[in-house]
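# Chains, contacts and geometry: an overview
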Amino acid sequence: MPELPEVETVRKGLIQLVTNKTIEAVDVYWPKIIEQPEVQQFQSDLVGQTIQTVHRRGKYLIFVLDTVEMVSHLRMEGKYDYFPNITPKGKHTHVTFTFTDKSQLHYQDVRKFGRMALIKKGTAAMYKGIKKLGPEPILPDFSLDAFQIRLKRVNKAIKPALLDQTIVTGLGNIYVDEALWRAKIHPETPGSLLNTTESTALHEAIIAVLQEAVEAGGTTIRTYQNALGEAGSFQTSLYVYGQQGTPCVRCGTAIIKTKVAQRGTHLCPHCQIKKGVRV
DNA sequence: AATACTACCTGCGTGC
DNA sequence: TGCACGCAGGTAGTAT
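Let me begin by describing the structure that accompanies this report. (Residues numbered from 1 in each chain as written. Chains lettered and ligands numbered in written order. Predicted model: local features only at pLDDT ≥ 70, side-chain atom pairs only at ≥ 80, totals over all residues. Heavy atoms only, no water.)

## Details of the protein's contact with DNA strand B
Inclusion rule: Throughout this document, a residue counts as near a molecule or strand when at least one of its heavy atoms sits within 4 Å of that molecule or strand. Here a polar contact is recorded for every N or O atom pair within 3.5 Å, except that within protein the pair must consist of a potential hydrogen donor and a potential acceptor, and residues adjacent in sequence are included only if both atoms are side-chain atoms. Side-chain classes follow a simple rule in which Ala, Val, Leu, Ile, Met, Phe, Trp, Tyr, Cys and Pro form the nonpolar group, Asp, Glu, Lys and Arg form the charged group, and the remainder, Gly included, forms the polar group.
Lining the immediate environment of DNA strand B, one finds Lys32, Lys91, His92, Val110, Arg111, Lys112, Phe113, Arg153, Val154, Asn155, Lys156 and Gln262. When atoms of DNA strand B within 4 Å of the protein are split into backbone and base, the sugar-phosphate part holds 62%. One nitrogen or oxygen atom from the main chain of Val110 is found 3.4 Å from a sugar or linking oxygen belonging to DNA strand B. A breakdown of the residues in the surface near DNA strand B according to their chemical character gives 3 nonpolar, 3 polar and 6 charged.

Following this line, the structure appears as structure tokens:
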């Protein structure tokens, strides 16, 4: 389910529900979810550890325990579900954590793309997926200067460039379309062709859309009862994502859906004109 | 180094 | 009803 705002919402929910809980058992039903160490080691390393807090970096959740940290990425459809009592696993439950008070955290993921890894405490920043992330989309981490300098070296389309997580982390398919619409930039524009006005507007739009979405608790597309972070309301504030056929609120032109770098892409064909390509 | 494509999975809607 | 196909909030691996 998640881009940054949804992951942040999940993190807040987890903090409320599992802080100070001690793990009594870990059950794994789809071993590929566990990246490292081996499943048995993963389970035994976690048993007896208490969750101190949950951090987030980009779209990664980082559970901080006594001597280890558990990095968790939800990818497309991963979800955490909390149960106050021991509860039978669902069809798509792949990992369960049972706490000493008999409450449980279930990891559910229809497409099984999500991943978990155990690392030594304090080493999350060095973890494979995390170490290559760009800055968090907030100031001062995400500096306009560095963003503009970096964009000059980007020859590919701005949309996949932003989805890459190395220029700035946290955008996914929804918020990248929203940010580009706000900044009036066509998603296929090569990064190097953005002028100062455009890159400044884009920088501002990225920060704003993600912050607003965090405040709204994220965007809920499909609802699964009980899952943490599924109560977001930002879907009512989307200007292009899923809005194909409806009028652009700025100019009235119908929003279209197309494909850019293999991803469904929404834009206003009047406000967002492609540069660098002969028409 | 940067870029482009594919794999990883399941379920759902669409069209024949 | 069955079936093929495209599509879905993401990233990692591989090849060029």
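## Focus: the packing of helix α4 (residues 144-152) against helix α7 (residues 196-215)
Quick reminder of the rule: Fitted lines through C-alpha atoms give the axes, limited to the stretch in contact for helices. The angle between two N-to-C directions lies from 0 to 180 degrees. Runs of H or I in DSSP of at least four residues are treated as helices and runs of E of at least two as strands, each being numbered from the N terminus. When describing relative orientation, an angle under 35 degrees is termed roughly parallel and one over 145 degrees roughly antiparallel, while 65 to 115 degrees is termed roughly perpendicular and anything else oblique. Handedness of a crossing follows from how the near helix is turned relative to the far one, being left-handed for an anticlockwise turn of less than a right angle and right-handed for a clockwise one. Contact criterion: two residues are considered in contact whenever any of their non-hydrogen atoms come within 4.5 Å of each other.
The geometry of α4 relative to α7 is characterised by a closest axis approach of 10 Å and an angle of 125° between their N-to-C directions. In terms of orientation, α4 lies oblique with respect to α7. At the point where α4 passes α7, the crossing takes the right-handed sense. Along the contact surface, α4 presents Leu144, Phe147, Gln148 and Leu151, while α7 presents Thr196, Ser199, Thr200, Leu202, His203 and Ile206. Considered class by class, the residues forming the contact of α4 with α7 number 5 nonpolar, 5 polar and no charged.

## What about the pattern of salt bridges?
The cut-off we apply is this: A carboxyl oxygen of Asp or Glu within 4 Å of a side-chain nitrogen of Lys or Arg is what we treat as a salt bridge.
Within this structure, the stated rule accounts for 10 salt bridges. Across the pair Lys128 and Glu35 runs a salt bridge, and its minimum N-O distance is 3.4 Å. Taken as a pair, Lys128 in helix α3 (residues 128-131) and Glu35 in strand β2 (residues 34-36) lie far apart in primary sequence, 93 residues in all. Between Glu212 and Arg182 there is a salt bridge, with its nearest N and O atoms 2.8 Å apart. Residue Glu212 is located in helix α7, and its partner Arg182 is located in helix α6 (residues 173-182); the two are separated by 30 residues in the primary sequence.

As far as function goes, none of this settles anything; it's purely spatial.
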